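Here are the chains, one letter per residue:
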Amino acid sequence: MRLFVGVSLGADTFRGDDLHLKDGDFHMTKAKLGGMVARFSRTTVWVCMVCACNAQPFDGGPPSDISNNSNSGGSTGGTGAGGGIAFAGAGGEIFVPSAAAPGDTGPSSAKLLATLDAPWGLAVDATTVYVAGQGDPPPAHSLVAIPIAGGQPNSIAVGSNWTVAIDDMRVYWGDGTSIRACAKQDCASSTIVLAQSGSSHGIAVDATSVYWATTSERTVMKVDKNGGASSVLASGTYPYELTVDEANVYWTDYEYSTGNGTVMSVPIAGGSPVQLAITKDGNTMGIAIDKKNVYFTTGDGKMMQVPKNGGAALTLSTDLGNEPWGIATDGKNVYGVSEPLHGPGAIVRVPVGGGATKVLASGQVAPVGIAVDSAYVYWTDVEAGTVMRIAK
């Protein structure tokens, strides 16, 4: 038996094994459900389930395409123009139609660092990879520290949602109700609450402050690294992922009224938000910066680049599949995840300014978070439950 599922949210909360969705707080692009992955639009607003009996068991091939279903839906999460969601049998996956992945370059030389339950965002320093879990507790996915070359994962805090940030001394994360920090060397006994917060997604730090996006309250927030009164830097739309430099906070946003995705900035000291880029064919997803540019991904599978002071946006890649989330840069190349509908996902590299897309690692299931250091690319795969790395 094969089950075809469309997911929607009204005023109620829908919970699954690793899924917590709530009206006004729907911000994930995929969710792990009992060993399966669902990829959704952030604006899906309908529910439909159809059971197709006597179908062939899922055998690893592509799920049936129900994109011609007459129900309307969001840009990627519904049926109709947005495509159907095919729910395979036990051990299968939920998919929405998307663009194909870049060409497979053959066997990957990637190294497995650790296996975890539903790993999502990650941050890397010279010795350790820090990994946050998928979604808002409950369920409570631990904040985990892994040796940089792989080894036994160490749970350093209970309850982490989506992303994690670090500086030289501390780790910063959200747990669904607050923004927290702890010392890298002794997290358990040094954890402090910096600010109360609803569901947070993106989080970043500079020399003095912590910044985060609240998807439930739809604000970009700031608080001192030692706690105190938090302040609102921007509000009113749907901030998603964010990053910061010495002058500004940058974030991806979604405008419900128009259906457009935007890239925004605001001075770290406060001021008027500035729109740097807009996409009229889907939401904006992940974000990264270097000294000159902002890089971001879009729900329809693009990797893009725009100057920090605004201007024409440049498309670096168009074939990253369905709602690619992770993006990182080292100033020379931009690294991202590819999440196709049919076939394996991949980790890809594109030169800053444009050029050929190179597949660094193929054979991934549902890669999401990505980070780089001087030598390696690191990523999480939420469905495979893996944290990986490969030489740049």
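Before reading on, note that the structure itself is shown above.
Owing to the predicted nature of the structure, the values given are computational and were not obtained by experimental measurement.

Caption draft 1: The overall build of the protein chain, seen in detail. If you tally the helices and strands in the protein chain, you get one helix and 36 strands. Across the 392 residues in the protein chain, those meeting the buried criterion constitute 58%. Here the analysis covers contacts within the protein chain between residues at least 6 apart in sequence; of these, 47% occur between residues at least 24 apart. When the accessible area of the protein chain is evaluated, it comes to approximately 14,700 Å², of which 52% is carbon and sulfur surface.

Caption draft 2: Quick look at the environment of E241. Its place among the elements puts E241 in the loop between β21 (231-235) and β22 (242-244). Judged by its relative accessible area of 7%, E241 falls in the buried class. In this structure, the C-alpha to C-alpha distance between E241 and H201, residues 40 residues apart in sequence, is 6.3 Å. In this view, E241 contacts T163, H201, G202, Y250, W251, T252, M285, G286, I287 and W325; residues no more than four positions away in its chain are not counted. Reaching out from E241, the side chain makes a polar contact with the side chain of W325 at a distance of 3.1 Å.

Caption draft 3: Molecular detail of the layout of surface pockets. The calculated volume of the largest pocket comes to roughly 920 Å³. Forming the walls of the largest pocket are 30 residues, and the residues nearest its centre are L122, T243, I287, I370 and A371. Sorting the residues of the lining of the largest pocket by element identifies β10 (119-124), β14 (164-166), β18 (200-205), β22, β26 (284-289), β30 (327-329) and β34 (367-372) as the ones contributing at least two each. The residue makeup of the lining of the largest pocket, split by class, is 20 nonpolar, eight polar and two charged.

Caption draft 4: Looking closely at the pattern of salt bridges. Throughout the structure, instances matching the rule amount to six salt bridges. Two residues, R180 and D175, come together in a salt bridge whose shortest N-O distance is 2.9 Å. Notably, a salt bridge pairs K392 with D330, separated by 2.8 Å at the nearest N-O pair. Residue K392 is found in the segment after β36 (386-391), and its partner D330 is found in the loop between β30 and β31 (333-338); the two are separated by 62 residues along the sequence.

Caption draft 5: Highlighting the state of the cysteines. On inspection of all chains with the given rule, the structure shows one disulfide. Between the sulfur atoms of C182 and its disulfide mate C187 the distance is 2.0 Å. The S-S bond linking C182 to C187 shows a torsion near -100°; that makes this disulfide left-handed. Here C182 falls in the buried class, since its relative accessible area comes to 1%. Judged by its relative accessible area of 5%, C187 is buried.

Caption draft 6: Spatial organisation of unusual backbone geometry. With a phi close to 55°, A118 is a non-glycine residue in the positive phi region. Looking at where A118 falls in the secondary structure, it is placed in the loop between β9 (111-115) and β10. Backbone geometry places E323, a non-glycine residue, at a positive phi of 45°.

Caption draft 7: View of the sheet that holds strand β32 (residues 345-351). What the four strands build is an open sheet, ordered β30-β31-β32-β33; its pairing is antiparallel. Here the strands that pair on one side only, and so sit at the sheet edges, are β30 and β33 (358-364). Across the sheet, the axes of successive neighbouring strands diverge by a mean angle of 15°, strand direction being ignored. Pairing between β30 and β31: three bridges, direction antiparallel. Bridged to I327 within β31 is G336.

Caption draft 8: Structural context of the environment of P153. Tracing the chain through its elements places P153 in the loop between β12 (143-147) and β13 (154-157). Put simply, P153 and L143 are ten residues apart on the chain and 9.8 Å apart in space, counted from C-alpha to C-alpha. Contact partners of P153, with chain neighbours within four places excluded, come to A114, T115, L116, V144, A145 and I146.

Caption draft 9: Broad picture of the pairing of β21. Pairing of strand β20 (residues 219-224) with β21 involves four bridges; the strand directions are antiparallel. Bridge assignment links T219 to a residue of β21, and that residue is S235. Connecting β20 to the next strand, β21, in antiparallel fashion are six residues, including G227 with a positive phi near 95°.

Caption draft 10: How the structure looks around the packing of aromatic side chains. A complete count under the given rule lists three aromatic pairs for this structure. Consider the rings of W120 and W325, whose centres lie 5.4 Å apart with planes at 55°: the pair is tilted. Placement of the pair is W120 in strand β10 and W325 in the loop between β29 (314-317) and β30, with a sequence separation of 205 residues. Clustering of aromatic rings is evident, with ring pairs tying together W120, W162 and W325. The positively charged end of R389 is found above the aromatic ring belonging to Y376, 3.7 Å away from the centroid.

Caption draft 11: Main features of the pairing of strand β16 (residues 178-183). Note that strand β15 (residues 170-174) and β16 share five bridges and pair antiparallel. Residue pairing in the sheet places W173 in a bridge with R180 of β16. Hairpin remark: β15 followed by β16, antiparallel, with three residues in the connecting loop; positive phi at G176, about 100°.

Caption draft 12: Quick peek at the sheet that holds β9. Sheet architecture is open: four strands sit in the order β9-β36-β35-β34, paired in antiparallel fashion. In this open sheet, the two strands that pair with only one neighbour each are β9 and β34. Direction aside, the axes of adjacent strands within the sheet are offset by 20° on average. In this structure, strand β35 (residues 376-381) lies alongside β36, joined through six bridges in antiparallel fashion.

Calculation notes
Residues numbered from 1 in each chain as written. Predicted model: local features only at pLDDT ≥ 70, side-chain atom pairs only at ≥ 80, totals over all residues. Heavy atoms only, no water. Helix = DSSP H or I, 4+ residues; strand = E, 2+ residues; numbered from the N terminus. Buried < 20%, exposed > 50% of the residue type's maximum accessible area, 1.4 Å probe, protein only. Contact = heavy atoms within 4.5 Å. Areas by Shrake-Rupley, 256 points an atom, 1.4 Å probe, with all protein chains shown as cover. Polar contact = N/O pair within 3.5 Å; in protein donor to acceptor, adjacent residues only side chain to side chain. 1 Å grid on protein atoms, 1.4 Å probe; cavity = no way out; pocket = protein on both sides within 12 Å on 5 of 7 lines; lining within 4 Å. Points joined across faces, edges and corners; volume = space filled by probe spheres on them. Nonpolar A, V, L, I, M, F, W, Y, C, P; charged D, E, K, R; others polar. Salt bridge = Lys/Arg side-chain N within 4 Å of Asp/Glu carboxyl O. Disulfide = S-S within 2.5 Å. Pairing = 2+ DSSP bridges. Axes fitted to C-alpha atoms, helices over the stretch in contact; angles between N-to-C directions. Phe/Tyr/Trp six-rings, centres within 6.5 Å; stacked < 30°, edge-to-face > 60°. Lys NZ or Arg CZ within 6 Å of the ring centre and 35° of its normal.

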